[in-house]
Structures are given as C-alpha cells and as structure tokens.
Amino acid sequence: MRIVVTASAMLLIMVYYLLQYVGLAQIKSEAVLSSFPLQKDLFVAVFCVFMLIEGVLSLCCRREAKEKSEADKPDNTLNELRQERDSFKTAFAEAQERLRHAEASLQARERPQTVDAELVNLLSLLQEKGRLVDFLMDDIASYSDAQVGAAARVIHQGCSTALREYFSISPVFTGKEGEQTELPQHFDAKSYRLIGSVKDSVKEGASYNGTVVHRGWKTSAVNMPRLAAQDVQNPPWIIAPVEIEL
Amino acid sequence: MGNSFCIGLDLGTSNSAAAVSFAGEDEIRTVPISQTAGPGLLGEKSQLASACYLPAAHEEALLASSLPWVPAGEQRDCLVGAFAREHGALVPDRLITSAKSWLCNAHVDRRAAILPWKSEAALHKFSPVDVSSMILAHLRDNLHFHREKWGGDDLLKEGQVVLTVPASFDEVARNLTYEAAEKAGWEHVTLLEEPQAAFYAWIAAAGSEWRSQVQPGDIILVCDVGGGTTDFSLIAVSEEDGELRLHRISVGDHILLGGDNMDLALAFAVKNRLQASGQTVGKWQFLSLVQLVRGAKERLFSECALSEVPISIAGRGGSLFRDTISAAITREEAEQVILEGFFPRCSVLDKPQERRAAALQEFGLPYAADAAITKHLARFLTESFKNVKSDSTLASELGLLALENEDTILCPTAVLFNGGVFKAAVMRERILGLLHDWSGSPEVRELEGTDLDLAVARGACYYAKLRAGGKGLRIKAGTARSYYVGLETSMPAVPGYQPPVKGLCVVAQGTEEGSVSALYESEFGLVTGQAAEFRFFSSNTRAGDVLGAVVENAATELDEMAGLEVSIPAAEMRPGEIVPVRLEVRVTEVGTLELWLVHVNSDLRWKLDFNLRAAS
C-alpha cells in the first residue's frame, strides 16, 4: 500500500516535469500558465506530504517487524521445559507399562488361590447340604446295594436342593435324547460336541446331521454364596469342621 | 423426591421379606436379602429367616466378617437369617425363633432380656422387642446396602414404609412392633394388618381385573396360615355411588399354629413308626428328619400320582453307608397327620379345645391347644357373626338383621389363601369344601393369583404406594378391636365376693387412624406422686359398642390385656393433691394406640403406659 502510494506520487511529479520540459505546456492556455507557479508549489507540497507519510509508515513497519522478529526468536527456557515434559511423559508411560506388568503377574499368582478357595467352598457346601464328600470318601465296596442306595438318596436330597439354589440349570437341547437333529456348519462348538464319524471336509453351507445322545446342561445364572474377601486363607482349606458335642 | 419410594416390610414369625417400588411405577419388586450363608459366606435369598443366633465367644471372629455392611472390625450381637436357623438347630440354646410370638405374649415382660427362653448357655440375652428390631435392622441395612439397585441414597429417609402385623395383634403388640421398627432406624413407619396386605397383593396381582372378580355383597375370608401363626380376617365388599367399597369387618384371635407345627407332627409320626420297628432316630437325625418330611410333604401334596416319597436319614457321623436309615412317607400318612390332624372335617358348632389353666404355669409361648385349624375357623366365623350382629349398622349393611339364631356363622363367599401351607391344593380344597358345607351356598370361590410366600410384603408395598399417591381404593378398617378401661363398681362389701369390674369403652371397633376422642363423662381423681393403675380390656366381638359404652362384667365378657399405669410427678403438682383428669384416646396415624390423662382445668397431660411386667 505504502509503496503504491509513494510510487504513484513520484510518477505523477516526474510526468509533470517531463511534460513541462518537452514544452507540451505551451499548448496550455494563458490562464493555466499564469497559475503555474502556484501549481508547482502545490505539487511540491503534495510531494512533501507523501514523503512524510511514507517516512512515518516505514518507521512504523520497521518497529512492527522488529517486534515480530523478537517474538519469533526461540526462547531457551521454554524449550528446556518442553523437553523436560516430554522426557517425563516417556518415563511415565514406561512406568505405567511396568505397573501393568507387575499387577498382571501379581494377579496371575494370586488368582489361583481365590479360585481354589471358591472351589473348596462349593465342595464344602455340597458336603454340608448333601454329604457328598462323606459319600465319595467312604469305602463303597464293603456295603450292600440297599445301604449304598439309601446313602445315594441322602446325596440326592441335599445336593439337588443346593444345585437348584446356586445354579439355574436346564438342558441345552430342548428336544429328547434319540431325536435326529441338524447343526449348521458354523455351530457353537462349546454347546455341542460331535462324536462318531466326524468328516473333515464339509461343503460350504452344508450342515451336520446326527442323533442326540445327551441333551447337555447349561446354567443361566450362578447364585453361589460368596466368600467374604478376607476369608481366602492358605491351604489346608477346611471342607467340613470336626464336630464335637458338648 | 419426597415420598417417592414405597417400601413394604413383612416381619414374619418364621420368615421376613421386603418389597420396594417407586410411587410412579406399577412394578413391585421383592428385595433379595443378603445374609450369612455359612462361616465367612454371603448369599442372597428372597426371604430372611426370622431366626437369631447368638454366636459363642469362639465363633465371633468367624461370623463377624461376612455381612458387607458391617465395617471391618465391627461385630453384630447376633446373626440373622437362614444360616442362623440351620446352625442354631445344632446349638439350640443359642437360637431365638418366633420372637414375634413373644411380642404378644402377655405373660412376660416383652422389653426384658428373656430370649433365648430358659437358656443358660447365652450370657447376654435379648428382649422380644430387641430381636424384632434386629431383624428389621437387617432388612434396613440390606435395602440401604443395595440402594443403587433401587436408584438412590434417600431411599430410607424419604420413603413411605409400611410394616405388617398380624390382624390378631392387640394394641400392646402393635405398639411394641412400632417401637422395634423405630429402634431399627426405620422412620415414618405405618402399620398394616397382614391379611389386608395379602388382599392388597391380590389386587396388585389382578390389576384392573380385580373389580370383575368380586361383587357387592361378597364377604371375603383371608385365610393366612404362616409358618408359626394362623390369622383370619373377613372383608366385606359393598357398593356406594357405583364404586366398590371394601370393609374389614372382623379379625380373629392370635393362634400360634402353623406350617412348622405340621412338619413337626409328621416328623414325630415317622419317628414313632421307625422306632416301633426297632430303628433309633437320634436327636440330630430328628433335625434332618424334620427338613426331609417338609420336602416329602410338599411333593406328595403337589404330585397326585405319587403314593409315597422315600427318604433317607443320614447319621451325624462320617459314614453314610453305615448310619443311614431308610424310610418312606406315604400319602396316607401325610394326609392322616396333616390333613386330618390340622384340617379335619368338623361342624360349624365344633369349638377348639381350650387349654386348661394348669398348663399356663410354665409361661412359655401359649401354643394353640387344639391343632385343628378348621375348628379355629369355625369359631372365628361364629364370633364374626356375633361381632357383626352387635352393630346394627354393620348388620343391616350385610343384610343380617333378620337372622336371629345365635349359632349362625358369618359365611364367606370367597376365600383368599395366604402362607406356604396352601401351596398344597388339598388344604385349599378342604377349607373350600367345609365352607361350602357350612354355608349351604352353592359355591365358595377361591381368589387366585398371589405369591403365597411374598404376598404380604408385596401387598404392604402396594399399600405404601396408595398412601404415597393419595388415591386408589383402600380397605376401610380402623382398629380391629374395641378397648375398655376397667372401673371398680361401688357396692357394699360382701365377704368372699369380689365386686365385678365394669368396662368403659374408650375405643370403639373400627376407629380410624388419626382420630382423637375425649371422654367427657369419665372424670378420675389422680393422687400426685403416686402410681395409678387401670385394668385394660379388649374385645373383637363387640362391634356395636360405641365410645363411652359400659360393659357390666368386664372380666367375663372381655379379654384382659396388660394393665395401664401412670404416675404424676409430684414436681408438677403439690404432693398428695387430688387432680381431676379425664381420659383422652388417640389412634395415631401410624396405627398405634395412645391413652392420655388430661387435666380438667389446664393443659397438663400425662401419658398412660402399658405395664408389661409379668402379671405373676
């Protein structure tokens, strides 16, 4: 902007003097010529004003540019801070990673104990409700079928009640055993087990046909009494305590 | 969110339950109750066994840890729930059961630490009020612990809480139940009779359909046989301005007889049979026998094709094969013992056998002397007739004015069953059949569709919603009994003759909650600095008595309750001065009874307290 204004002012003045110099001014009327000294002074004044404005503008611009260049100049303290932050970030990520590792390995070592305690808890409940451990730990060979049968009923009375209380058990296959059934090629391998002649290559879209030998069981919920957190002690776990009558 | 939660509490003799709902929603949800399931084990059940076990010194560390709301390191005085009952059966001197029945036992001080009854094992005992309070506190802690599930912190502070009591509970037992609830931290509790709660549960279950299942003129019997108690109520259906009206017109006596008695009776029968055949059933084996016959009974009564259920009773020792006794419970035996023993066919005129006075000397729980529930029912219906007949307004409402015969029964047209006992269809059929025979009417209907175990809690919750919402049909009930203060008759002394005590009616039957009545005609003179005692009576067969009515011979015509006592501190008056007072009776909003003596010439007033110390 500034350059355009200055240049055009200079150009105007130069053209004017040039015109005078080549004598083109002679074609101008007397009136114009008589006012020439006045016009000459006006042009000089305009020129001076332009130069003044130009000077002021260039001064301003120089200051602005100086300020700008000062801001652009890299600050050493800030950079140091940034570097410090970045190094901390890296260290933190590393520490987090190590923490995760430590926790995982700790859990891996602790988990079996909780799981084992829960398993013993189930055994303990089945013993309490249905004498399962008594039944299995006794020597079955030395008793008659009638005695074994009577004992089996004890198990069934107690354990079936407990089982129904703790789990919601129903058959996986809702039809009857011996029924023919068809499985799609991509069946749920956890819910079905194929036995007999199971061929390797089955055409895309083909299905498996077979007879249901066992209907399977599933539980839709687990409602086991939970161990209080502080009760996961070390082995030996007590399945049933010694009973002493006072 | 004032009053946005509605909670129903069923404090049962053998099992307790809770139900919760929001004021704006229809669904009523029963609350799973976390409870100790074994040493260091926590489990959830839909009901809380109303049993308290007092752990021995060596057990405390073992039993303190399992409840999630008990902070680590803290211990509760006793253990509540199913495990408490199971484990307590093996250590019976440390087990408290049926605390609720003790609440209405007038022969003992119900605030005194007397339970476990006659036990020398427990150093620290508890009062019936304490035990009820501990059960209610467990329900409260459980609800608070699971509060996120129900959506808020202020559940217990802001909600409407309805607690059920047997219809047969007298005012003393009701007041004590309320006291136990307050002690357990429940605020703003309202009391509701259990049979009414069962009826509300039926309305809630039937939805808008219920109005088509009953008609004006119906009299509905609510027949509630719980684990330890039997409770009867009659609800009349009438029509007013095209709207159905429900009116609870009669309640029965408190009968300590229930499903647990039936299991015990059958277990004893099996034990005797086994012992007659030379097998011995030890005391520990008898415990498992009781559990086994319960299961066998339920199967026999629900599966018609079964003729017998074999059971095996294990010994306490480790060898199952060696120590197990086999037996079978046959259908005949179960029907003989339970159906004929507890629900025998009988005539309307049959009265249950009364306990002889001598039997009271032991002051245990006053178990019913006659196990025949049907005979208790016959007596209830006879007395209900008497009750309705004594009130001409009520009698004309029910169209009974013309009947003159004293021995007539007030026969229901429909029956709502409640309690686990009635899961067996044979019991329901027996009752319906008998009612049919007694009334001669073509049909006595059964109102179906409630959960027999949880109906009371659900119905209480429904009633809490009615109270919170302020609309919906409520059963017109009021006080179940009328109450009387004893007045000495002034007559010349005759040696060897006790002047009869008159009963002055201070609360008429059916007095609504929130009413205050002053007896202007009764003025007493009280001596300051001295304790004054009043004899207090009640009746559930005198609906006709109005406030101020006088019964000539209170001792024979009314049931005597715990006495009332008051003492005016000498500091308030000059000692020895005779202060003129009159009686003011309040039936509070929550459903408890308060009696006050008001100074005739000033604003001074003194509350009469029930004297719960043993009458002996």
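Right above here is the structure, for reference.
Residues numbered from 1 in each chain as written. Chains lettered and ligands numbered in written order. Predicted model: local features only at pLDDT ≥ 70, side-chain atom pairs only at ≥ 80, totals over all residues.

Considering the overall build of chain B
For clarity, the cut-off: Secondary structure elements are taken from DSSP: a helix is a run of H or I of four residues or more, a strand is a run of E of two residues or more, and numbering for both begins at the N terminus. The globule rule is 2.2 Å times the number of residues to the power 0.38, and the radius of gyration it is compared with is taken over C-alpha atoms. As a rule, residues whose C-beta atom has 12 or fewer other C-beta atoms within 10 Å are exposed, those with 20 or more are buried, and those in between are partly exposed; C-beta atoms are placed from the backbone. The contact criterion used is a C-beta to C-beta distance within 7 Å, with each C-beta placed from the backbone.
Helix and strand counts for chain B stand at 18 helices and 28 strands. Compactness check: chain B gives a C-alpha radius of gyration of 25 Å against a globular reference of 25 Å for 616 residues, within 12% of the reference. C-alpha atoms of chain B, sized along the principal axes, occupy 80 × 65 × 65 Å. Going through the 616 residues of chain B one by one, you find that 47% of them count as buried. When contacts within chain B are restricted to residue pairs at least 6 apart in sequence, long-range pairs at least 24 apart make up 73% of them.

A look at the overall build of chain A
For chain A, the helix and strand inventory stands at 6 helices and 5 strands. Starting at the N terminus and walking to the C terminus, you meet the elements of chain A as α-α-α-α-α-α-β-β-β-β-β. Looking at chain A residue by residue over its 246 residues, the buried ones come to 8%. By sequence separation, contacts in chain A at least 24 residues apart represent 81% of the contacts at least 6 residues apart.

A look at the interface of chain A and chain B
Note the following rule: Between any two strands, pairing holds if DSSP finds at least two bridges.
The partner chain B presents 20 residues to the 22 residues of chain A that form the contact. The set of elements that each furnish at least two residues to the side of chain A that touches chain B consists of α5 (132-137), α6 (145-166) and β5 (226-227) of chain A. Looking at the side of chain A that touches chain B element by element, the count peaks at 7 residues for α6(A). Relative to strand β5 (residues 41-45) of chain B, β5(A) runs antiparallel, the two being bridged by 2 bridges. The partner of A:R226 across the bridge, within β5(B), is B:L42.

What to know about helix α17 (residues 455-469) of chain B
All names here are of chain B. To keep things clear, this is the line we draw: Expected helix span is given by 1.5 Å per residue-to-residue step, counting one fewer step than there are residues.
With 15 residues, α17 extends 21 Å between its outermost C-alpha atoms, agreeing within 8% with the 21 Å of an ideal straight helix rising 1.5 Å per residue. Counting buried positions along α17 yields 12 of 15 residues, so the element is predominantly enclosed. Taken residue by residue, α17 has A455, V456, A457, R458, G459, A460, C461, Y462, Y463, A464, K465 and L466 as its buried positions. Of the residues flanking the end of α17, it is G470, one or two places downstream, whose phi is positive at about 75 degrees.

Points about the environment of A:G130
Residue and element names in this part refer to chain A. Tracing the backbone through its elements, the reader meets G130 in helix α4 (residues 76-130). Given 21 C-beta atoms within a 10 Å radius, G130 is considered buried. Each C-alpha atom of the pair G130 and I169 lies 18 Å from the other, and the pair is 39 residues apart in sequence. Contacts of G130, omitting those with residues within four sequence positions, involve V154, I155, Q157, G158, C159 and A162.

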